[in-house]
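Chain by chain, the residues:
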Amino acid sequence: MADQIRIYTASAITINRLAQLLEEQNIPSIIKNNQESGRLAGFGTTAESVELYILNTDLEKAQKVVDVFNLKNTP
């Protein structure tokens, strides 16, 4: 079984968009929303507490998608 690696941490909106871009390239991902978990448990977290994970085996392909995403979204 392959291990998972965190490749990005940001707001929920940003992570959902990046996950969609990865899915378009057939790269499965998992979103861990610490902000929502904290809200449900009764305590707060920072706004950028959403993490995106992929399989280690997809890292090279995913890094290309993340790099293009960062270039397009840098002010």
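Residues numbered from 1 in each chain as written. Predicted model: local features only at pLDDT ≥ 70, side-chain atom pairs only at ≥ 80, totals over all residues. Heavy atoms only, no water.

## Side note on the sheet that holds strand S2 (residues 30–33)
In step 1: Taken together, three strands build an open sheet; the order of strands is S1-S3-S2 and the sheet is antiparallel. Bordering the open sheet on either side are strand S1 (4–10) and S2, each of which pairs with just one other strand. Between one strand and the next, the sheet's axes are offset by a mean angle of 25 degrees, whatever the strand orientation.
In step 2: The pairing of S2 with strand S3 (residues 50–55) spans four bridges and is antiparallel. Across the sheet, Ile31 pairs through a bridge with Leu52, a residue of S3.
In step 3: Running at roughly 10 degrees to S1, helix H3 (residues 59–72) makes contact with S1 and S3 of the sheet. (Pairing = 2+ DSSP bridges. Helix = DSSP H or I, 4+ residues; strand = E, 2+ residues; numbered from the N terminus. Axes fitted to C-alpha atoms, helices over the stretch in contact; angles between N-to-C directions. Contact = heavy atoms within 4.5 Å.)

## Thoughts on helix H1 (residues 12–24)
In step 1: The terminal C-alpha atoms of H1, which comprises 13 residues, lie 18 Å apart, in line with the 18 Å expected from a rise of 1.5 Å per residue.
In step 2: Of the residues making up H1, those classed as buried are Ile15, Leu18, Ala19, Leu21 and Leu22. Along the long axis of H1, the arc covered by the buried residues comes to 160 degrees, so they all point the same way.
In step 3: Contact partners of the buried residues in H1: S1, S2, S3 and H3.
In step 4: Phi turns positive, to about 60 degrees, at Asn26, one or two residues after H1. (Expected span 1.5 Å × (residues − 1). Buried < 20%, exposed > 50% of the residue type's maximum accessible area, 1.4 Å probe, protein only. Arc of directions from axis to C-beta.)

## Quick word on the confidence of the model for the protein
In step 1: The pLDDT averaged across the protein works out to 85; a share of 79% of its residues lies at or above 70.
In step 2: Mean pLDDT values for the elements of the protein range from 57 in helix H2 (residues 34–41) up to 95 in H1. (pLDDT = per-residue confidence, 0-100.)

## Remarks on the nonpolar core
In step 1: Of all hydrophobic cores here, the largest spans 16 residues; its most connected members are Ile7, Tyr8, Leu18, Leu22 and Leu52.
In step 2: For this core, the elements supplying multiple residues, two or more each, are S1, H1, S3 and H3.
In step 3: Looking at which element gives the most residues to this core, the answer is H1, with five residues.
In step 4: Leave out the neighbours within four places in its chain, and Leu52 touches Ile5, Arg6, Ile7, Tyr8, Ile15, Leu18, Ala19, Leu22, Ser29, Ile30 and Ile31. (Core = buried A, V, L, I, M, F, W, Y, C linked by side-chain atoms within 4.5 Å.)

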